Amino acid sequence: MTQNADLNLQATRRSTKDMPMKMKPTCGHRGQKRFALLVALTMTAVPLAAQAQRKSPLADAPAIRKRYELRATRLEIGAGFGTTLNQDFYHTLFFNVKAGFHITDWLSIAGFGGFAVANMATTFQNDLVSSLNPATIAGQQLNEPTRTEAQASMQKIKYILGAQLEFTPFTGKYSLAGKLFANYDFYAFVGPGLINVAPTDTSITPCDQIMKNGTTASGGPGGPFFCGVTGSKIAGNLGVGLHSYFNEWAALNIELRDIIAQLNPSGRDNNGDGVANQDDITLSHTFMVTANLVFYLPSTASISP
Ligand SMILES: [Ca+2]
């Protein structure tokens, strides 16, 4: 019986030995898998770790090599035309001049002058004036102007001067249909300005010469109802611009500008106190767009390392 059992055991042993897949087969297989994974990880991680310790040869390299530094330490001079965008009574057309110096590729200082070559009546002015009486009629409101009176005090711009600090955060190159390639930059600017204005009829009483209470037959407020704002007013000058380069030394320069100054474009009693004078000036925004052809000096741009 015992011998039988022994034989049985031997048979069992032999049989398990002969069939290793039945000897808790999953355990050995998992171990092999883990080992393979470890080897793989080591083979991947060791060179990675070594690479991480070694400094990349490009670590201190510029993002772009051999780049044309189109702005840095160059003078920019140019001229062109411009127009106001939001004037109520006159669109002013300008001849512009501009000069600047680019301290770095992203910072420059510049000055510009826009000189009016024409003040064209707006549609709004034409509609407004044609709605008025050509001459005073019986029973007309005291503060209602005739056509001539309304036009007399309307402001024309004579010139705008400004200085500006320009920041150029965006530069690059664009392509048109994959054929034409051109460098460009976008910038924002801010600085002081000066706007010189005059009323349409320069013979009318200047606003700063009219007393607070005005003059009427009864001695109280009641006119005059229009006056002329004349001369140069200090202004804020801010806006955005772009350059699109034709080559190393010439570019199209477009600027959108807001000139902020104390003005009275209508020359009328804006605050409704019965008299038009210096108290009727308000903070006015004069938006203008200019397009200049600009040239850079020296005519060759430096090239980055
Ligand atoms: Ca007033």
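Counting starts from 1 at the beginning of each chain's written sequence and moves along it residue by residue. This being a predicted model, a pLDDT of at least 70 is required before a residue's local features are given, and a value of 80 or more before pairs of side-chain atoms are given or counted; all residues contribute to the totals for chains, interfaces and linings. Neither water nor hydrogens contribute to the side-chain values; these are computed over all heavy atoms in the structure.

1. Focus: the coordination of the calcium ion
Next up, step 1: Donor atoms from the polypeptide that coordinate the calcium ion comprise Asp269 (OD), Asn271 (OD1), Asp273 (OD), Val275 (O), Asp280 (OD) and Asp280 (OD), at 2.2 to 2.4 Å from the metal.
Next up, step 2: Classification of the site at the calcium ion as irregular follows from its six donor atoms and the range of 54 to 156° in their angles at the metal.
Next up, step 3: Asp269 gets classed as buried once you look at its relative accessible area, which sits at 19%. Metal coordination here is assigned from N, O and S atoms located within 2.8 Å of the ion, or within 3.2 Å for Na, K and Ca; omission of water means that sites may look incomplete. A four-donor site is called tetrahedral if each angle lies between 85 and 135 degrees; a four-donor site is square planar, and a six-donor site octahedral, when trans pairs exceed 155 degrees and the remaining angles lie between 65 and 115; all other cases are labelled irregular. For every residue, the accessible area (1.4 Å probe, protein chains only) is compared with the maximum for its type, and the residue is labelled buried under 20%, exposed over 50%, or partly exposed between those bounds.

2. Regarding the pairing of strand β5 (residues 155–176)
Next up, step 1: Here, strands pair whenever DSSP counts at least two bridges between them. Helix and strand labels come from DSSP, where a helix needs a run of H or I of at least four residues and a strand needs a run of E of at least two; each type is numbered from the N terminus. As judged from the nine bridges shared by strand β4 (residues 107–121) and β5, these two strands associate in the antiparallel manner. Paired with Ile109 across the strands is Leu165, a residue of β5.
Next up, step 2: As judged from the 17 bridges shared by β5 and strand β6 (residues 180–199), these two strands associate in the antiparallel manner. Counted as the bridge partner of Thr171 is Asp185 from β6.
Next up, step 3: Between β5 and the antiparallel strand that follows it, β6, lie three residues; Ala177 among them carries a positive phi value of about 55°.

3. Some details on the environment of Asp269
Next up, step 1: Take Asp269: it is sitting in the loop between β8 (250–263) and β9 (282–297).
Next up, step 2: Separated by 43 residues in sequence, Asp269 and Phe226 place their C-alpha atoms 6.5 Å apart.
Next up, step 3: Residues contacting Asp269, with those up to four places away along its chain left out, are Phe225, Gly274, Val275, Ala276 and Asp280.
Next up, step 4: Throughout this description, a polar contact denotes any pair of N or O atoms lying within 3.5 Å of each other; where both atoms belong to protein, one of them has to be capable of donating a hydrogen while the other can accept it, and for residues adjacent in sequence the pair is counted only when both atoms sit in side chains. From its side chain, Asp269 meets the backbone nitrogen of Gly274 in a polar contact 2.9 Å long.
Next up, step 5: Among the polar contacts made by the side chain of Asp269, one reaches the main-chain amide nitrogen of Val275 at a distance of 3.5 Å. Contacts are assigned to residue pairs with any non-hydrogen atoms lying within 4.5 Å of each other.

4. As for the state of the cysteines
Next up, step 1: Only a pair of cysteine sulfur atoms within 2.5 Å counts as a disulfide in this structure description. In this structure the tally under the stated criterion is one disulfide.
Next up, step 2: A sulfur-sulfur separation of 1.9 Å characterises the disulfide bridge that pairs Cys207 with Cys227. Here the disulfide of Cys207 and Cys227 is right-handed, its torsion about the S-S bond being about 90°. With Cys207 in the loop between β6 and β7 (231–245) and Cys227 in the loop between β6 and β7, this residue pair connects regions lying 20 residues apart in the sequence.

5. Observations concerning the pattern of salt bridges
Next up, step 1: The term salt bridge refers to a pairing of a side-chain nitrogen on Lys or Arg with a carboxyl oxygen on Asp or Glu at a separation within 4 Å. As enumerated under the stated definition, the model contains six salt bridges in all.
Next up, step 2: The partner of Arg71 in a salt bridge is Asp105, with the nearest N and O atoms 3.2 Å apart. Here Arg71, found in the loop between β1 (68–69) and β2 (74–84), pairs with Asp105, found in the loop between β3 (90–102) and β4; they are 34 residues apart in sequence, far enough to count as distant.
Next up, step 3: Classification of Arg71 as buried rests on a relative accessible area of 2%.
Next up, step 4: On the accessibility criterion, Asp105 (12% relative accessible area) is buried.
Next up, step 5: Measuring nitrogen to oxygen at the nearest pair gives 3.7 Å for the salt bridge that ties Lys98 to Glu76. Taken as a pair, Lys98 in strand β3 and Glu76 in strand β2 lie far apart in primary sequence, 22 residues in all.

6. Some points on the packing of aromatic side chains
In this description, an aromatic ring pair is defined by two values, namely the gap between the centres and the angle between the planes.
Next up, step 1: Only Phe, Tyr and Trp rings are paired, with Trp represented by its six-membered ring, and only when their centres lie within 6.5 Å; those with planes under 30 degrees apart are stacked, over 60 edge-to-face, the remainder tilted. Here the structure, examined in full by the defined rule, presents eight aromatic pairs.
Next up, step 2: Pairing Tyr174 with Tyr184 gives two aromatic rings, centres 5.9 Å apart and planes at 35°, and the pair type is tilted. Of this pair, Tyr174 sits in strand β5 while Tyr184 is found in strand β6, placing the two residues 10 residues apart along the sequence.
Next up, step 3: Clustering of aromatic rings is evident, with ring pairs tying together Tyr174, Tyr184 and Phe186.

7. Structural notes on the nonpolar core
Next up, step 1: Grouping buried Ala, Val, Leu, Ile, Met, Phe, Trp, Tyr and Cys residues that are joined through side-chain atoms within 4.5 Å yields what is termed a nonpolar core. By size, the foremost hydrophobic cluster in this structure holds 17 residues, and its most contacted members are Ile157, Ile160, Ile195, Val197, Ile259 and Leu263.
Next up, step 2: Contributions of two or more residues to this core are made by β5, β6 and β8.
Next up, step 3: Of the residues forming this core, the biggest block, three residues, is contributed by β8.
Next up, step 4: Ignoring any residue separated from it by four or fewer positions in sequence, one finds Ile259 in contact with Phe112, Ile160, Ile195, Ala235, Gly236, Asn237, Ser284, His285, Thr286 and Met288.

8. Some words on the sheet that holds β2
Next up, step 1: Pairing within the closed barrel is antiparallel, and its eight strands lie in the order β2-β3-β4-β5-β6-β7-β8-β9. Neighbour to neighbour, the strand axes of the sheet diverge by 25° on average, direction disregarded. To get an axis, a line is fitted to the C-alpha atoms, and for a helix only the part in contact is used. The angle between two axes follows their N-to-C directions and goes from 0 to 180 degrees.

9. Examining the side chain of Asn277
Next up, step 1: Within the secondary structure, Asn277 is located in the loop between β8 and β9.
Next up, step 2: In terms of polar contacts, Asn277 uses its side chain to reach the backbone amide nitrogen of Asp279, at 2.9 Å.
Next up, step 3: Among all residues touching Asn277, those that are not within four sequence positions of it are Cys207, Ile210, Met211, Lys212 and Cys227.

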